[in-house]
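Reading the structure
Given next are the chains, with one letter for each unit.
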Amino acid sequence: MNSADPHSSIPVLTIDGPSGSGKGTISRLVSQQLGWHYLDSGALYRAVGVAAGWADLDLADPAALVRCAFDTRVGFRDDPSGELRVLVNDIDATDELRTETAGAAASAIAAIPEVRSALKDRQRAFRQAPGLVADGRDMGTVIFPDAPFKVFLTASAEERAERRYKQLKDKGVSVNLDGLLREILARDARDASRAVAPLRPADDAVRIDTTGLGIDAVVERVLQLVTP
Ligand SMILES: Nc1ncnc2c1ncn2[C@@H]1O[C@H](COP(=O)(O)OP(=O)(O)OP(=O)(O)O)[C@@H](O)[C@H]1O
Ligand SMILES: Nc1ccn([C@H]2C[C@H](O)[C@@H](COP(=O)(O)O)O2)c(=O)n1
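A quick note: this is a predicted structure, and the numbers were derived from the prediction, not measured.

What to know about the site of ligand 1
- Neighbouring residues of ligand 1: 19 residues in total, closest Lys23, Gly24, Thr25, Arg164 and Leu213.
- Ser21 places a main-chain nitrogen or oxygen 3.2 Å from an oxygen atom of ligand 1.
- Within the backbone of Leu213, an N or O atom sits 2.8 Å from a nitrogen atom of ligand 1.
- Burial of ligand 1 by the surrounding chains reaches 83%, relative to a free accessible area of 630 Å².

Have a look at this one:
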């Protein structure tokens, strides 16, 4: 633990993993059960990507993207149905953020080390009493390396593509399963191969393969780690 950090005694559960492994779903449910705060770190990267698009920035211009990462305001709000809404520069951008286009843009800008640095303190500020559940790619390795509880969720790429297919179909979005599988594999490869904070399990993370495992069963396993 870092004794200079007044928040270092506040417990954190990190949930990392590839796209579609269920990080967001499981983190939200577990945070609700524990009464802890929730950080969707991917939403921050997605918000910067979307804000960069709104400003017509060139995704090949790192300096402009770093400025955008510092300048973009991101707010989280629970709507009455319990869904997490995300405000980008005070505009509700929840639906735009969830598209695969926004995911791919986030993955591309997340490979820029200075963008990652620009978002570091913002993520750490979510560590508030009584505790935090943080979901992303580098929560356990870089942002909260001292977290007492770490999980790395996986599932086969095929199952993750099917989950995403079902999710989008339920929302009335017409999608192609093979295309989704290709997008998921491409994003995994980019997130895992970047030089800084690549997607990988922390050495002390508990790995849970959720292939064929329902949401309730995964929630139960994760909760057992925190409250055995
Ligand atoms: N264990 C599971 N079994 C079946 N479906 C699941 C499971 N976990 C999550 N899902 C479903 O899979 C879809 C994707 O889940 P979720 O958005 O939580 O993944 P994610 O890892 O946060 O993805 P991303 O990194 O792209 O944001 C959702 O529709 C969710 O309900
Ligand atoms: N801690 C994080 C969170 C997210 N990213 C990048 C890489 C992802 O592909 C993209 C979108 O994340 P998602 O909303 O799908 O979890 O953002 C990252 O590099 N580090």
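Quick notes on the UniProt feature "binding site: ATP" (unreviewed entry) in the protein chain
- Per the UniProt annotation, the sites labelled "binding site: ATP" (unreviewed entry) are Gly17, Pro18, Ser19, Gly20, Ser21, Gly22, Lys23, Gly24 and Thr25.
- Along the chain, the position of Ser21 falls in the loop between β1 (12-16) and α1 (23-34).
- Note on placement: Gly22 falls in the loop between β1 and α1.
- Not counting chain neighbours up to four residues away, the residues in contact with Gly22 comprise Leu153 and Arg163.

Considering the packing of helix α2 (residues 41-54) against helix α5 (residues 100-109)
- Look at α2 against α5: their axes get within 8 Å of each other, and the N-to-C directions meet at 100 degrees. Here α5 runs roughly perpendicular to α2, going by the angle between their axes. Only Ala102, Gly103, Ala106 and Ile109 of α5 make contact with α2, whose side of the interface consists of Tyr45, Arg46, Val48, Gly49 and Val50.

Thresholds, definitions, all that
- Residues numbered from 1 in each chain as written.
- Chains lettered and ligands numbered in written order.
- Predicted model: local features only at pLDDT ≥ 70, side-chain atom pairs only at ≥ 80, totals over all residues.
- Heavy atoms only, no water.
- Near = heavy atom within 4 Å.
- Polar contact = N/O pair within 3.5 Å; in protein donor to acceptor, adjacent residues only side chain to side chain.
- Areas by Shrake-Rupley, 256 points an atom, 1.4 Å probe, with all protein chains shown as cover.
- UniProt positions renumbered as here; feature names shortened; annotations may be inferred.
- Helix = DSSP H or I, 4+ residues; strand = E, 2+ residues; numbered from the N terminus.
- Contact = heavy atoms within 4.5 Å.
- Axes fitted to C-alpha atoms, helices over the stretch in contact; angles between N-to-C directions.
- Parallel < 35°, antiparallel > 145°, perpendicular 65-115°, else oblique.

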